[in-house]
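Per-entry structural report
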Amino acid sequence: MADKIVVLTGAGLSAESGLGTFRDEGGLWAQHRIEDVATPEGFACNPQLVHDFYNARRAQAVTARPNAAHLALAELQARWPGDVVIVTQNVDGLHEAAGGSALHMHGRLAGALCHACDHRWEAPLVMAPDDPCPACATAATRPDVVWFGEMPYHMEEIADHLASASLFASIGTSGQVYPAAGFVQEARIAGAKTIELNLEPTDISRAFAHRRFGPATEVVPAWVAELLAT
Ligand code: OAD
């Protein structure tokens, strides 16, 4: 069977599409408190503030276009003879817009979730605390994103993919948020080759056998071209 590649992506992949990262200088977490906008407690305390934050991000995301790195990864998914599983922490839809597919472990800005009945639907551009759920009519709707203190999505499926991966790549993520930051260890235990592609070294760079540093739009297409040439 052909080799399986698992690719983890983070905010750095979409930075050159104009979407801000979290922890770089001037990033989202320099402008907003995580506790206020990205926790269930913050939402319970001030749902309008949380909706405002995600409404602004959704408005930005709908105008963003996939960059050369998203396109290269979609090409890898289309042309590699084995599976290429992209696991993204990003809540934008740029992997899909590039023609690829991804498991959204932190949810999607384009999704809405009713926290009364767990119904899911496509989010309108602007969400508000008193929006009724289309299924149960309760005004308990939230963005379908994963907040701190909540369990990321697709974890069992991701663990299975990591356990059967031959190559694991981490792209544009600072490696500061678990469980994603621990995927490199899971892949290593499974015997996969590991590579980090990022603008600069991260706190977990040394966990990777190989490292390449530079903007995603340069290093990712070059890496994909090498893989497809082998
Ligand atoms: P971070 O903002 O923590 O890290 C972004 C990484 O991308 C940094 O290591 C940058 O050096 C790198 N980077 C910036 N520009 C780049 C470029 N042009 N090319 C390549 N790399 C670049 O974002 P994430 O690691 O994705 O979770 O953050 C992980 C999670 O923390 C997010 O999903 C979010 C956040 O809090 C939740 O909200 C639950």
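Residues numbered from 1 in each chain as written. Predicted model: local features only at pLDDT ≥ 70, side-chain atom pairs only at ≥ 80, totals over all residues. Heavy atoms only, no water.

**Structural notes on the site of the ligand**
To be explicit about the condition: Throughout, the term near means that a residue has one or more heavy atoms lying within 4 Å of the molecule or strand in question. Side-chain atoms alone can form a polar contact between residues adjacent in sequence; in general such a contact is a pair of N or O atoms within 3.5 Å, and within protein one must be able to donate a hydrogen while the other accepts it. The protein chains shown are the only cover counted for residues, whose accessible areas, like all others here, come from Shrake-Rupley with a 1.4 Å probe.
Not every one of the 24 residues close to the ligand is listed here, only the nearest: Ala11, Phe22, Arg23, Thr173 and Ser174. Taking Trp29, its side chain carries an N or O atom lying 2.8 Å from an oxygen atom of the ligand. Within the backbone of Gly172, a nitrogen or oxygen atom sits 3.3 Å from an oxygen atom of the ligand. Summarising the interface, the protein chains cover 94% of the accessible area of the ligand, which totals 810 Å² for the free molecule.

**Looking at the layout of surface pockets**
Quick reminder of the rule: Cavities and pockets were defined on a 1 Å grid built over protein atoms only: a cavity is a set of grid points that admits a 1.4 Å probe from which the probe cannot escape, a pocket is an open set flanked by protein on both sides within 12 Å along at least five of seven lines, and lining residues are those with an atom within 4 Å of any such point. Grid points are joined across faces, edges and corners, and a volume is the space filled by probe spheres set on the points. Helix numbering and strand numbering both begin at the N terminus, where a helix is a DSSP run of H or I of at least 4 residues and a strand a DSSP run of E of at least 2. Think of it as three bins: nonpolar holds Ala, Val, Leu, Ile, Met, Phe, Trp, Tyr, Cys and Pro, charged holds Asp, Glu, Lys and Arg, and polar takes everything else, Gly as well.
The calculated volume of the second largest pocket comes to roughly 300 Å³. What lines the second largest pocket is Asp3, Trp80, Ser166, Leu167, Lys193, Ile195, His210, Arg212, Trp223, Glu226, Leu227 and Thr230. Listing elements by their share of the lining of the second largest pocket, those giving two or more residues are strand 8 (193–198), strand 9 (210–213) and helix 10 (216–229). Sort the elements by how many residues they give to the lining of the second largest pocket and helix 10 lands first, with three residues. Here the lining of the second largest pocket is built from residues that sort into five nonpolar, three polar and four charged.

**Section: empty space enclosed by the protein**
By the definition in use, this model includes one cavity of 30 Å³ or more. The calculated volume of the largest cavity comes to roughly 60 Å³. Across the lining of the largest cavity, the residue classes break down as nine nonpolar, five polar and no charged.

**With respect to the sheet that holds strand 9**
What counts, and what does not: At least two bridges found by DSSP between two strands is the condition for calling them paired. In this description, contact between two residues means that some pair of their heavy atoms is separated by no more than 4.5 Å. Note on definitions: angles span 0 to 180 degrees between N-to-C directions of axes, and those axes are lines fitted to C-alpha atoms, for helices only across the stretch in contact.
The strand order across the open sheet formed by six strands is 3-2-1-7-8-9, and the pairing between neighbours is parallel. With partners counted over all chains shown, the strands left at the sheet margins are strand 3 (103–104) and strand 9, one partner each. Alignment of strand 1 (residues 5–9) against strand 7 (residues 167–171), held across five bridges, turns out to be parallel. For Thr9, the partnering residue across the bridge sits in strand 7 and is Ile171. In the packing of helix 6 (residues 68–79) onto the sheet, the strands contacted are strand 1, strand 2 (84–88) and strand 7, and the crossing angle to strand 2 comes to about 145°. Of the strands in this sheet, strand 1, strand 7, strand 8 and strand 9 are in contact with helix 10, which crosses strand 7 at around 165°.

**Some points on the pattern of salt bridges**
Heads up, the condition is: Salt-bridge detection follows one rule: a side-chain nitrogen of Lys or Arg within 4 Å of a carboxyl oxygen of Asp or Glu. For each residue, the accessible area found with a 1.4 Å probe, counting protein chains only, is set against the maximum for its type, and the residue is called buried under 20%, exposed over 50%, and partly exposed in between.
Summed over all chains, the structure comprises six salt bridges. Note that Arg33 and Asp36 form a salt bridge whose closest N and O atoms lie 3.0 Å from each other. Residue class for Asp36 comes out partly exposed when judged on its relative accessible area of 27%.

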